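Observations on the three-dimensional arrangement
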Amino acid sequence: MTSTEMRTEAEDSGPSGYAAARLRLLQEGAQSGPPRRAALAELTDEWLTGLFGAGAEGLRGVSLVAVGGYGRGELSPRSDLDLLLLHDGGDSGAVAALADRVWYPIWDLGLALDHSVRTPGEARKTAGDDLKVQLGLLDARHIAGDLGLTAGLRTAVLADWRNQAPKRLPELQELCAERAERQGELQYLLEPDLKEARGGLRDATALRAVAASWLADAPREGLADARRRLLDVRDALHLTTGRATDRLALQEQDQVAAELGLLDADTLLRQVYEAARVVSYASDVTWREVGRVLKSRAVRPRLRAMLGGGAKPAAERSPLAEGVVEMDGEVVLARAARPERDPVLPLRAAAAAAQAGLPLSLHAVRRMAAVARPLPTPWPAEAREQLVTLLGSGRPTIEVWEALEAEGLITRLLPDWERVRCRPQRNAVHIWTVDRHLIETAVRASELTRRVGRPDLLLVSALLHDIGKGWPGDHSVAGEIIARDVAARIGFDRADVAVLSTLVRHHLLLIDTATRRDLEDPATVRSVAEAVGSQGTLELLHALTEADALATGPAAWSSWRGSLVADLVKRVAAVLAGDVPEEPEAAAPTAEQERLAIEALRTGGPVLALRAQTEPPTEEEPTGDPEPLGVELLIAVPDQPGVLPAVAGVLAMHRLTVRTAELRALDLPDGVEGSVLLLNWRVAAEYGSLPQAARLRADLVRALDGSLDIAARLAERDAAYPRRRGTIAPPPRVTVASAASRHATVIEVRAHDAPGLLHRIGRALEDASVRVRSMHVSTLGANAVDAFYVTGPKGAPLPAEEAVSVARGLEEMLRG
């Protein structure tokens, strides 16, 4: 039977005819989704028109109006009918009788009805008092009666909404936030409410209301499909349960999946999560735009008054990184940025946004997604460093990551991500989907970076530890293979690839062993030691275990579990204690280093050499330009106090980022008298180009002779251009590495990387009357991991108590 035949049957047979036609429509397997919802709304319109016409004979100034979901034509099988009987205030008795003629047949069929009888003035007043009523009226649609009356109300309601938008939109946003707090996020719930949870149908309707205000509009790409998918699932849920429910309970998911022709309940949930993610992201972008517009409206009159009615001032653009600036509270691309020529730009922009605690502009993300070149394989060093910085930025990482993922950039960077994206976890302990759990683990790991010597490996292992859950079999075994491939692709060397694959393979080893095995059994501890292999890997695995558990859910970690794991780690560390490496022998100086050292002794001052460092072309791009790694800066200077803080301070003054650094005393050939310190640093400019070597040398000479006050210059710069930090970094940690060297005391510093950090550390060590024999500095993402080999004035290691005192004083200085 066609829709026309069903409408005819409904008109001819009254309520029973409508009920039969409705039932037939819902059971018709060939029609589902939007066509069925539209047909059901049309069928209902025809029936209600008949009821209204029979009761409104001779009555003027009355109309029947569909509002809310019915007004939008989104009738699910068990949806309420939202109706307004609109009248011009005439014969109230006749209007009441008409209402009875319409409402009672609906109730007699057992259909849920949300109804009201109002004049246009009453409807507008009620809408002004009740936001939910106003939202329903925005979708008002004429069914029967006086069309002009309905059109007049709709025009007035839309005008009211647009006039009152500055007041009502913040109210609507607060309503959405309160609902999200109560119902949770649709994209992660195992038993989600399709309507009320964040990212559900209520939020999709709110976006329509924002668009109707003309103040802002939601990103349209994918939004209509997401709304359709959620409505389709709700239709199937109504049909399989026979109830007007929006909650997708576990026991009903297989039936709903079958009704929709899907493989299984997991496929169903994944589609729901994907749709919810689109709605949630559109909501985030839209509400940011609303806030920006309302703020601009509030500020503009004051600016005009201050400027004497002149032109609107240009928005301020503050640099954050190369090609990336902040503007109007968002991270956007600089005018000179060329994403089509800069494959690292998406990661650099994302890292800058996360570090600043700012959202990425929708326009910027879409532009990069549209034109950015793919990264070569393996990735250049900068891309790897920017990924680590993004992962180590704490809670802001999540919003930035979601923005990249919404435009497909994550799966372009990490193709293996597609298998875990929106993948549900049917485990009462887990509160997130697999992909969100991986990001949550990275966030938790960022809080533990001071506990490990290689925070970059910790953060990347956190991102990859469950990557095997998209494949059949043991996810740890599958994950090890994937992690090995991903780590090599993003540019880690063989040793680091081996560590990362071990961490992923054994990320459950410590918690499983600690809670399920007898730790007093030597065989248990030996087996863990054999699997881990080294102290460094054990340290990383301990932090990963804690981050993983904390990111899983409240039930996955406790002080008791933590104490068991710590006990196991202590026992395993004792077994591995013989593997602690000695301080490596210093390499013989090169000819260039000897030349610089002799020149430094001859002139009595510092000598500099700058040399660009590059990586060779990859196999995929054998004819491409070498990938720049930064600039190698060699400095030779006669041995004297204050060299380290002076050099570090001068580089910070010139806005040079230190990526790696080494300092050592140089052994010169026989016959050459004097002692020379050699500094071998890899640096890069924060913005723009590198300064000339002559300027660096001139400032270094002044710093060493005391005529340049570096601390004051850095303080002035920071006061004039405060660095934006959207994250609260974990506090710095300074420790003494026992038994790390026979010849010196090793002091390890782990802190948030910042301009002038090395200068402050060097000055503090000088003030403590210790000499830096050598140092090994590396900046891993946003983390500085520095090891200083220090001695007393006579060249011997520090006594244990003095070493602890120096470390404690250095930590207090950094925390202050």
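Everything below is about the structure printed above this text.
The following paragraphs examine the structure supplied in this document. These figures come from a predicted structure and were not determined experimentally.

How each quantity is defined
- Residues numbered from 1 in each chain as written.
- Predicted model: local features only at pLDDT ≥ 70, side-chain atom pairs only at ≥ 80, totals over all residues.
- Heavy atoms only, no water.
- Helix = DSSP H or I, 4+ residues; strand = E, 2+ residues; numbered from the N terminus.
- Buried < 20%, exposed > 50% of the residue type's maximum accessible area, 1.4 Å probe, protein only.
- Contact = heavy atoms within 4.5 Å.
- Areas by Shrake-Rupley, 256 points an atom, 1.4 Å probe, with all protein chains shown as cover.
- 1 Å grid on protein atoms, 1.4 Å probe; cavity = no way out; pocket = protein on both sides within 12 Å on 5 of 7 lines; lining within 4 Å.
- Points joined across faces, edges and corners; volume = space filled by probe spheres on them.
- Nonpolar A, V, L, I, M, F, W, Y, C, P; charged D, E, K, R; others polar.
- Pairing = 2+ DSSP bridges.
- Axes fitted to C-alpha atoms, helices over the stretch in contact; angles between N-to-C directions.
- Left-handed = near helix turned anticlockwise from the far one by under 90°.
- Phe/Tyr/Trp six-rings, centres within 6.5 Å; stacked < 30°, edge-to-face > 60°.
- Lys NZ or Arg CZ within 6 Å of the ring centre and 35° of its normal.
- Expected span 1.5 Å × (residues − 1).
- Polar contact = N/O pair within 3.5 Å; in protein donor to acceptor, adjacent residues only side chain to side chain.
- Salt bridge = Lys/Arg side-chain N within 4 Å of Asp/Glu carboxyl O.
- Core = buried A, V, L, I, M, F, W, Y, C linked by side-chain atoms within 4.5 Å.

**Considering the overall build of the protein chain**
Counting secondary structure elements, the protein chain contains 31 helices and 15 strands. Out of the 816 residues belonging to the protein chain, those deemed buried represent 52%. Once local pairs closer than 6 in sequence are excluded, the contacts in the protein chain between residues at least 24 apart make up 71%. Of the roughly 36,300 Å² of accessible surface on the protein chain, 51% is carried by carbon and sulfur atoms.

**Regarding empty space enclosed by the protein**
Taken as a whole, this structure holds three cavities of 30 Å³ or more when the rule is applied. Put simply, the largest cavity is a space of about 70 Å³. Residue lining of the largest cavity: Y188, R277, I398, W401, E402, E405, W417, D435, R436 and I439, and that is the complete set. Elements represented by at least two residues in the lining of the largest cavity include exactly α16 (396-406) and α18 (434-446). Residue contributions to the lining of the largest cavity peak at four residues, all from α16. Of the residues belonging to the lining of the largest cavity, the class tally is five nonpolar, no polar and five charged. Counted as a void, the second largest cavity has a volume near 50 Å³. As for the second largest cavity, its lining consists of Y281, D284, R288, P359, L360, E399, E402 and A403. Among the elements of the structure, α12 (265-306) and α16 are those that each provide at least two residues to the lining of the second largest cavity. A per-class count over the lining of the second largest cavity returns four nonpolar, no polar and four charged.

**Some thoughts on the side chain of S283**
By the secondary structure assignment, S283 is in helix α12. S283 has contacts with D203 and L207, leaving out every residue within four places of it along the chain.

**So, the pairing of strand β1 (residues 62-66)**
Within β1, five of the five residues are buried, which leaves it mostly tucked inside the rest of the structure. Neither face of β1 is open: one carries V62, L64 and A66, the other S63 and V65, and all of them are buried. Here β1 runs beside strand β2 (residues 81-87); their pairing, made up of five bridges, is antiparallel. Residue pairing in the sheet places A66 in a bridge with L83 of β2. Of the pairings in the sheet, the one linking β1 to strand β4 (residues 141-145) comprises four bridges and is antiparallel in character.

**Topic: the packing of helix α9 (residues 201-213) against helix α10 (residues 223-241)**
Across the interface, α9 lies against α10 with an axial gap of 10 Å and an inter-helix angle of 140 degrees. Viewed along their axes, α9 and α10 form a crossing whose handedness is left-handed. Along the contact surface, α9 presents L201, A204, T205, L207 and R208, while α10 presents L223, R227, L230, L231 and R234. Considered class by class, the residues forming the contact of α9 with α10 number six nonpolar, one polar and three charged.

**Quick word on the packing of aromatic side chains**
Inspection of every chain in the model, using the stated rule, returns four aromatic pairs. Aromatic pair Y104 and W107: ring centres 5.1 Å apart, planes at 85 degrees, arrangement edge-to-face. You can see Y104 and its partner W107 sitting in helix α4 (residues 92-108), three residues apart, about one turn around the helix. It is R141 that lies over the ring of Y70; its NZ or CZ is 5.2 Å from the centre.

**Describing helix α7 (residues 147-163)**
Helix length check: α7, at 17 residues, gives a terminal C-alpha distance of 24 Å against a target of 24 Å (1.5 Å per residue), a fit within 8%. All buried positions along α7 are accounted for by L149, T150, L153, A156, V157, L158, D160 and W161. Two to three positions downstream of the cap, the backbone nitrogen of G148 sits 3.1 Å from a side-chain oxygen, assigning the N-cap of α7 to D146.

**Concerning the sheet that holds strand β5 (residues 318-321)**
Spatially, three strands are ordered β5-β6-β7 in an open sheet, and the strand pairing comes out antiparallel. Two strands bound the open sheet, and with one partner strand each, they are β5 and β7 (330-333). Neighbour to neighbour, the strand axes of the sheet diverge by 40 degrees on average, direction disregarded. Bridge analysis of β5 against strand β6 (residues 324-327) gives three bridges, and the strand direction is antiparallel. Counted as the bridge partner of A321 is V324 from β6.

**Topic: the pattern of salt bridges**
Applying the stated rule across the entire model yields 50 salt bridges. A salt bridge links E196 to R179, with the nearest nitrogen and oxygen atoms 3.9 Å apart. In this pair, E196 is assigned in the loop between α8 (165-183) and α9 and R179 in helix α8, connecting sequence segments 17 residues apart. As far as the burial class goes, E196 and R179 line up, both buried. The salt bridge partner of E407 is R366, with a shortest N-O separation of 3.2 Å. In this pair, E407 is assigned in the loop between α16 and α17 (409-413) and R366 in helix α14 (residues 362-371), connecting sequence segments 41 residues apart. Taken together, the salt bridges that share partners define one network made up of R72, E74, D139, R208 and R227.

**A look at the sheet that holds β2**
Across the sheet, which stays open at both edges, the four strands sit in the order β3-β2-β1-β4 with mixed pairing between neighbours. A single partner strand is all that each edge strand has here, and the edge strands are β3 (113-118) and β4. Adjacent strand axes in the sheet meet at a mean angle of 25 degrees when their direction is disregarded. Sheet contacts for helix α2 (residues 33-55): β1, β2 and β4; angle to β4, the most-contacted strand, approximately 35 degrees. Of the strands in this sheet, β2 and β3 are in contact with helix α5 (residues 120-129), which crosses β3 at around 120 degrees.

**Side note on the nonpolar core**
Generally speaking, nonpolar side chains in soluble globular proteins are found buried as a group. In terms of nonpolar packing, the biggest core is built from 92 residues, with L360, W379, W401, L414 and W417 touching the most fellow members. Counting residues per element, this core draws most heavily on helix α13 (residues 345-356), which supplies nine residues. Excluding residues within four positions of it along the chain, L360 makes contact with R288, V331, A349, A350, A353, V365, V400, A403 and L404. Ranked by size, the runner-up nonpolar core spans 50 residues in total, among them L633, A652, L679 and A803.

**Focus: the environment of R697**
As for its placement among the helices and strands, R697 is situated in helix α28 (residues 693-705). A sequence separation of 62 residues divides R697 from I635, and the C-alpha atoms of the two residues are 9.2 Å apart. Setting aside chain neighbours within four positions, we find R697 in contact with T603, G605, P606 and L608.

**Points about helix α19 (residues 455-464)**
Of all 10 residues in α19, 10 are buried; the element is thus mostly enclosed. Within α19, the full set of buried residues consists of P455, D456, L457, L458, L459, V460, S461, A462, L463 and L464.

**Some points on the pairing of strand β13 (residues 745-752)**
In terms of burial, β13 is largely enclosed, as six of its eight residues are buried. Two strands pair when backbone bridges link them, and strand β12 (residues 733-737) and β13 are joined in this way by five bridges, in the antiparallel orientation. Bridge assignment links V736 to a residue of β13, and that residue is I747. Here eight bridges tie β13 to strand β15 (residues 783-791), and the two strands are oriented antiparallel to one another. Paired with A751 across the two strands is A784, which belongs to β15.

Spatial relationships are all this shows, so hold off on functional conclusions.
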